[in-house]
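Structure assessment
The primary structure of each chain is shown beneath.
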Amino acid sequence: MSVIIYHNPQCGTSRNTLAMIRASGEEPAIIEYLQTPLSKEQLSELVDAMKISVRDLLREKGTPFAELDLSNTKWSDDQLLDFIVQHPILMNRPVVATPHGTALCRPSERVLDLLENPAVNFTKEDGEQITYERKDR
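Residues numbered from 1 in each chain as written. Predicted model: local features only at pLDDT ≥ 70, side-chain atom pairs only at ≥ 80, totals over all residues. Heavy atoms only, no water.

The name an unreviewed UniProt entry gives the protein is Arsenate reductase, with Pseudochrobactrum saccharolyticum as the organism. The UniProt entry for the protein carries the following comment under Sequence similarities (unreviewed entry): "Belongs to the ArsC family." (UniProt positions renumbered as here; feature names shortened; annotations may be inferred.)

1. Quick notes on the pattern of salt bridges
Close approach of charged atoms allows side chains with opposite charge to pair. Taken as a whole and assessed by the stated rule, the structure comprises six salt bridges. With a shortest N-O distance of 2.7 Å, Glu125 and Arg15 are connected by a salt bridge. A residue pair is termed long-range when its members are at least 10 positions apart, and Glu125 in the loop between strand S5 (121–123) and strand S6 (129–131) and Arg15 in helix H1 (residues 12–23) qualify at 110 residues. Glu125 gets classed as partly exposed once you look at its relative accessible area, which sits at 47%. When salt bridges that share partners are traced, they join Lys40, Asp78 and Asp82 into one network. (Salt bridge = Lys/Arg side-chain N within 4 Å of Asp/Glu carboxyl O. Helix = DSSP H or I, 4+ residues; strand = E, 2+ residues; numbered from the N terminus. Buried < 20%, exposed > 50% of the residue type's maximum accessible area, 1.4 Å probe, protein only.)

Now the structure itself:
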């Protein structure tokens, strides 16, 4: 498997993550999930791979989260996945899958732990300097 990024080009964190992947020498498969929404099965597989809850994948800001009352605990994981399928903007981003794991990369430098040859120094879009030291896998 190569590197895959589930990307929203309008999101600064997603753009930073993509730039960090490219700085590592990888050219990822880019899935613009707002243009090509994921199926319920694909979303479920990502959640399982990330070892997070479906709620952890939900994005609140700039989405119909509040109007759909998604903070209400009455919604099952299965129902929450249905909401994400219906409203892909509810999926938090970016999600990156590599041979070293799958993660929601917020903050963007979280992607560095997933890359084979991450850049040691990186300047984010907002000017923040990142210096990376690999953790044991």
